[in-house]
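Overview (structure and organization)
What follows is each chain in one-letter form.
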Amino acid sequence: MSKKLAVIVGAGKGMGYHIAEKFAQENFKVVLIARRQTALDEYVAEFTAKGYEVYSKVADVSDTPSLSTAFEQIQADLGTVDVLVYNAALMQDGKLTEMSSNDLMERYQIDVASALHCVHQVL
């Protein structure tokens, strides 16, 4: 039986990393998506050293074409995505009444619209 595939979008050192590790422990192939190749290389090396099957793709959640490209490559190289975890968010303090419309749209893109875009890529 082949391994199922989990994709973690927003694979930082915190929650995304630990979620990815849990899926890897459960015998999933895991793909980490984040903005920085150097961080991804570090995470993949750590997971590989533990015996996990982990891959990475660089994409920026604020740039939907980069997400589309990443998912196209994942599906071409590894097959159908079984689990999608969207763990990206713009983590900034601030009151809504003090935000500009551009600030709000940036948050919406990262926190909501790109999550939906990732779901569409998997479906």
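In what follows, the structure referred to is the one given above.
Here's a quick rundown of the structure. This is a predicted model, so every value here is computed, not measured.

Rules of the game
- Residues numbered from 1 in each chain as written.
- Predicted model: local features only at pLDDT ≥ 70, side-chain atom pairs only at ≥ 80, totals over all residues.
- Heavy atoms only, no water.
- Pairing = 2+ DSSP bridges.
- Helix = DSSP H or I, 4+ residues; strand = E, 2+ residues; numbered from the N terminus.
- Right-handed = clockwise from strand over helix to strand, strands pointing away.
- 1 Å grid on protein atoms, 1.4 Å probe; cavity = no way out; pocket = protein on both sides within 12 Å on 5 of 7 lines; lining within 4 Å.
- Points joined across faces, edges and corners; volume = space filled by probe spheres on them.
- Nonpolar A, V, L, I, M, F, W, Y, C, P; charged D, E, K, R; others polar.
- Core = buried A, V, L, I, M, F, W, Y, C linked by side-chain atoms within 4.5 Å.
- Buried < 20%, exposed > 50% of the residue type's maximum accessible area, 1.4 Å probe, protein only.
- Contact = heavy atoms within 4.5 Å.
- Expected span 1.5 Å × (residues − 1).
- Phe/Tyr/Trp six-rings, centres within 6.5 Å; stacked < 30°, edge-to-face > 60°.
- Lys NZ or Arg CZ within 6 Å of the ring centre and 35° of its normal.

Some remarks on the pairing of strand β3 (residues 54-58)
Pairing between strand β2 (residues 29-34) and β3: five bridges, direction parallel. Each residue of the ladder has a partner; that of I33, found in β3, is K57. Between the parallel elements β2 and β3, the chain passes through helix α2 (residues 37-49) in a crossover that is right-handed.

Considering the layout of surface pockets
Within this model, the largest pocket holds a volume of roughly 560 Å³. Lining of the largest pocket is provided by 24 residues; of these, G10, R35, N87, A88 and A89 occupy positions nearest its centre. Across the lining of the largest pocket, the residue classes break down as 13 nonpolar, six polar and five charged.

A short note on the nonpolar core
In terms of nonpolar packing, the biggest core is built from 18 residues, with I8, A20, V30, L32, Y43, F47 and V54 touching the most fellow members. Excluding residues that lie within four positions of it along the chain, Y43 makes contacts with A11, G12, K13, Y17 and L32. V31, I33, A70 and A88 belong to the second largest nonpolar core, which has 17 residues in total.

A short note on the environment of T38
Position of T38 among the secondary structure elements: in helix α2. Taking the C-alpha atoms as reference points, T38 and V58, separated by 20 residues in sequence, lie 9.8 Å from one another.

Comments concerning helix α3 (residues 64-78)
With 15 residues, α3 should cover 21 Å at 1.5 Å per step; its first-to-last C-alpha distance of 21 Å lies within 8% of that length. Regarding α3, the residues found buried are S66, L67, S68, A70, F71, I74 and L78. Downstream of α3 by a residue or two, G79 has a phi angle that is positive, lying close to 100 degrees.

Let's talk about the side chain of S114
Here S114 shows up in helix α4 (residues 101-122). Setting aside residues no more than four positions away along its own chain, S114 makes contact with V61, S62, T64, L67, Y86 and Q109.

Overview of the packing of aromatic side chains
Evaluation of the coordinates by the stated rule reveals four aromatic pairs. Pairing Y17 with Y43 gives two aromatic rings, centres 5.6 Å apart and planes at 75 degrees, and the pair type is edge-to-face. Taken together, the positions of Y17 in helix α1 (residues 15-25) and Y43 in helix α2 put the pair 26 residues apart, joining distant regions of the chain. Note on accessibility: Y17 and Y43 belong to one class, buried. When the ring of Y17 is compared with that of F47, the centres are 4.7 Å apart and the planes differ by 20 degrees; the resulting orientation is stacked. Of the two residues, Y17 is situated in helix α1 and F47 in helix α2; the sequence distance between them amounts to 30 residues. Residue Y17 shares its accessibility class with F47, and that shared class is buried. An aromatic cluster is present here, built from Y17, Y43, F47 and Y52 joined pairwise through their rings. The side chain of K13 reaches across the aromatic face of Y17, ending 4.2 Å from its centre.

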